[in-house]
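Topology and contacts: notes
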There are 2 protein chains.
Amino acid sequence: MAKRNLPLSKVYALMESGPVVLVSTAHKGKANIMAMSWHTMMEFEPPLIGCVISEMNFSFKAVKATKECVINIPTVELAAQMAGCGNTSGENIDKFSKFKLTAVPASNVTAPLIGECYVNLECRVIDTRLVKQYNFFILEVVKAWIDPARKDPKTIHHLGMDKFMAAGEILKLRSKMK
Amino acid sequence: MAKRNLPLSKVYALMESGPVVLVSTAHKGKANIMAMSWHTMMEFEPPLIGCVISEMNFSFKAVKATKECVINIPTVELAAQMAGCGNTSGENIDKFSKFKLTAVPASNVTAPLIGECYVNLECRVIDTRLVKQYNFFILEVVKAWIDPARKDPKTIHHLGMDKFMAAGEILKLRSKMK
């Protein structure tokens, strides 16, 4: 699982399709993971990501207190673990241990990378203006990693409740969009 | 293309997978369309959607001035038109005419629905605090429509530049997530 540096200018292309991501945190000596679908790119470079982390999530306190997290992008092979992370609370269990996920030290933040995810984005909270009203955090990606051996990664996308979708066929369309 | 009312409580499930959407507006007697991938759900009900509409987009002025728009979800059959909308500016052309899309009157906003899209969300801008810094608008969905005849809609997801992905296989995973 040797990851290589991913240029920050390429982060948006991995996030703008709207995959379910796993957010890892570390707070008071405890690492945790939550599943998240409510996120959007807000800027290309430095990459800014806006996301809703509900105060009902155990991770909320960790992100608010440490102002750090890692966004990890899982592929369909990790679907069961992703759902497991979404169905449990870090208040009661150690999700890394429970779901056999590997906590890998990050380089710029205290929160760990999830080794099994093909992309890891080390993030710092840069704007909390909308946290009180909407639980909406704005993150800056300060370091990004990708597994170069991973061909044709199929991301997971949430369709509400217990329904998810795996990334399908690639379409090449002429686009002037960056 | 008889659309039926979609309960507002069901909107999030159609948006949280991160599809490319077409945003339609009407301003100074002119209707326009832009393609958008940078959006996220922010609340279940009433459904709130946060999105980046760049001031470089012709639609920016229309959304800012009218505080209204419609979010239309296209499927893969509309991929060419979607890319066309993303590659052109409403400053120069009438996109409804150019891409043979049908402007259907909305019930709660002046902006038209795009008839060919299987879902249409009539939206009002409710929060502009982050527009100046990030071009980030928060929209409330006030009325939603769906084409009940549409089975297995395949949404389109952007992967940067000219690369897109069609929604693939449905995964059923136990989930406590709403």
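Heads up: the structure comes first, above all this text.
Residues numbered from 1 in each chain as written. Chains lettered and ligands numbered in written order. Predicted model: local features only at pLDDT ≥ 70, side-chain atom pairs only at ≥ 80, totals over all residues. Heavy atoms only, no water.

1. Observations regarding unusual backbone geometry
Residues and elements named next belong to chain A. Applicable threshold: The way it works is that DSSP assigns letters per residue, a run of H or I at least four long becomes a helix, a run of E at least two long becomes a strand, and they are numbered from the N terminus.
Residue Pro46 is bonded to the preceding Glu45 through a cis peptide linkage, with omega at 0 degrees. With respect to the helices, strands and loops of the structure, Pro46 is situated in the loop between strand 4 (39-43) and strand 5 (48-52). Within the chain, Met161 stands out as a residue other than glycine whose phi angle is a positive 50 degrees. Positionally, Met161 belongs in the loop between strand 11 (156-158) and strand 12 (163-172).

2. Concerning the environment of Asn5 of chain B
Residue and element names in this part refer to chain B. The condition is simple: In what follows, a contact means two residues having at least one pair of non-hydrogen atoms within 4.5 Å. N or O atoms closer than or at 3.5 Å make up a polar contact, with two conditions inside protein: a donor-capable atom paired with an acceptor-capable one, and, for residues adjacent in sequence, both atoms drawn from side chains.
With respect to the helices and strands, the residue Asn5 is situated in strand 1 (residues 4-5). Taking C-alpha positions, Asn5 is 27 Å from Ala65, a pair spaced 60 residues apart along the chain. Excluding residues within four positions of it along the chain, Asn5 makes contact with Lys143, Ala144 and Trp145. At 3.2 Å, the side chain of Asn5 and the side chain of Lys143 are in polar contact.

3. What to know about helix 2 (residues 59-66) of chain B
Residue and element names in this part refer to chain B. Under the convention used in this document: Accessible area is worked out with a 1.4 Å probe on protein chains only. A residue is then buried under 20% of its type maximum, exposed over 50%, and partly exposed in between. Starting at the helix axis, one direction is taken to each C-beta atom, and the arc is that of these directions.
Of all the residues in helix 2, the buried ones are Ser59, Phe60, Ala62 and Val63. One face of helix 2 carries all of its buried residues, which in axial projection span an arc of 165 degrees. Facing away from the buried surface of helix 2 by more than 90 degrees, the exposed residues are Lys61 and Ala65. Structurally, helix 2 contributes buried residues whose contacts are with strand 2 (21-27), strand 3 (30-36), strand 6 (68-73), strand 9 (119-127), helix 5 (131-134) and strand 10 (136-146).

4. Examining the relation of the copies chain A and chain B
Inclusion rule: Alignment of the copies relies on least squares applied to C-alpha atoms, considering only residues that score at least 70 for pLDDT in both.
Placing chain A over chain B gives an RMSD of 0.0 Å and needs a rotation angle of 180 degrees, together with 0.0 Å of translation along the axis. Classification of the inter-copy transformation places it as that of a two-fold axis. When the interface residues of chain A are mapped onto chain B, 100% of them again lie at the interface, so the same face is used by both copies.

5. A word on helix 2 (residues 59-66) of chain A
On its buried side, helix 2 of chain A packs onto strand 2 (21-27), strand 3 (30-36), strand 6 (68-73), strand 9 (119-127), helix 5 (131-134) and strand 10 (136-146) of chain A. Backbone geometry just after helix 2 of chain A places Lys67 of chain A at a positive phi near 55 degrees.

6. Focus: the pairing of strand 4 (residues 39-43) of chain B
Residue and element names in this part refer to chain B. Heads up, the rule is: A pair of strands is treated as paired once DSSP finds two or more bridges between them.
Extensive coverage of strand 4 is indicated by the burial of 4 of its 5 residues. The sheet contact formed by strand 4 and strand 5 (residues 48-52) spans 4 bridges and is antiparallel. The partner of Glu43 across the bridge, within strand 5, is Leu48. Once strand 4 ends, the chain turns through 4 residues before running back antiparallel as strand 5.

7. Here we look at the packing of aromatic side chains
Counted only if it meets this: In this scheme Phe, Tyr and Trp rings, the latter by its six-membered ring, pair at centre separations within 6.5 Å, and the angle between planes marks the pair as stacked below 30 degrees, edge-to-face above 60, and tilted otherwise. A positively charged side chain is recorded as over a ring if its NZ (Lys) or CZ (Arg) lies within 6 Å of the ring centre. The angle to the ring normal must also be within 35 degrees.
The final tally for this structure, using the stated rule, is 7 aromatic pairs over all chains. Relative to Phe137 of chain A, the ring of Phe60 of chain A has its centre 5.8 Å away and its plane inclined at 65 degrees; by these criteria the two rings are edge-to-face. Here the residue Phe60 of chain A occupies a position in helix 2, and Phe137 of chain A occupies one in strand 10, the gap between them amounting to 77 residues. Taking relative accessible area as the criterion, Phe60 of chain A reaches 11% and is therefore assigned buried. Between Tyr12 of chain B and Phe44 of chain B, the ring centres sit 4.7 Å apart and the planes meet at 85 degrees, which makes this aromatic pair edge-to-face. Here Phe44 of chain B lies in the loop between strand 4 and strand 5 and Tyr12 of chain B lies in helix 1 (residues 11-15), a separation of 32 residues in the sequence. Here a set of aromatic residues connected by ring pairs shows up, and it is made of Tyr12 and Phe44 of chain A together with Trp38 of chain B. One residue, Lys143 of chain A, lies across the ring of Trp145 of chain A, its end atom 4.7 Å from the ring centre.

8. Section: the interface of chain A and chain B
Here is the rule: Salt bridge, as used here, is a side-chain nitrogen of Lys or Arg placed within 4 Å of a carboxyl oxygen of Asp or Glu.
Across the boundary between the two partners, chain A contributes 54 residues, which contact 54 residues of chain B. At the boundary of chain A and chain B, one finds 0 salt bridges. Where chain A packs against chain B, one counts 26 residue pairs in polar contact (both at pLDDT 80 or more). Per-element tally for the side of chain A that touches chain B: the top contributor is strand 12 of chain A, with 10 residues.

9. Notes on empty space enclosed by the protein
Operational definition: We place a 1 Å grid over just the protein atoms. Points where a 1.4 Å probe fits but has no way out form a cavity, open points with protein on both sides within 12 Å along at least 5 of 7 lines form a pocket, and any residue with an atom within 4 Å of a point lines it. Grid points are joined across faces, edges and corners, and a volume is the space filled by probe spheres set on the points. Here the term charged refers only to Asp, Glu, Lys and Arg, the term nonpolar to Ala, Val, Leu, Ile, Met, Phe, Trp, Tyr, Cys and Pro, and the term polar to all other amino acids, Gly among them.
Under the counting rule described, the total for this entry stands at 1 cavity of 30 Å³ or more. Taken together, 17 residues line the largest cavity, and the ones lying closest to its centre are Gly18, Ser37 and His39 of chain A together with Gly18 and His39 of chain B. Elements supplying a minimum of two residues to the lining of the largest cavity: strand 4 of chain A together with strand 4 of chain B. For the lining of the largest cavity, a count of residues per class yields 5 nonpolar, 10 polar and 2 charged.

10. A short note on the sheet that holds strand 11 of chain A
Note the threshold: To define axes, lines are fitted to C-alpha atoms, for helices over the stretch in contact only, and angles between the resulting N-to-C directions are given on a 0 to 180 degree scale.
Taken in spatial order, the 4 strands make up an open sheet running 11(A)-12(A)-12(B)-11(B), and their pairing is antiparallel. The open sheet has two free edges, formed respectively by strand 11 of chain A together with strand 11 (156-158) of chain B, since each of these has just one partner strand. Taken over all neighbouring pairs, the strand axes of this sheet differ in orientation by 45 degrees on average, direction set aside. Judged from the 3 bridges that link them, strand 11 of chain B and strand 12 (residues 163-172) of chain B form a sheet pairing that is antiparallel. Paired with Ile156 of chain B across the bridge in strand 12 of chain B is Ala166 of chain B.

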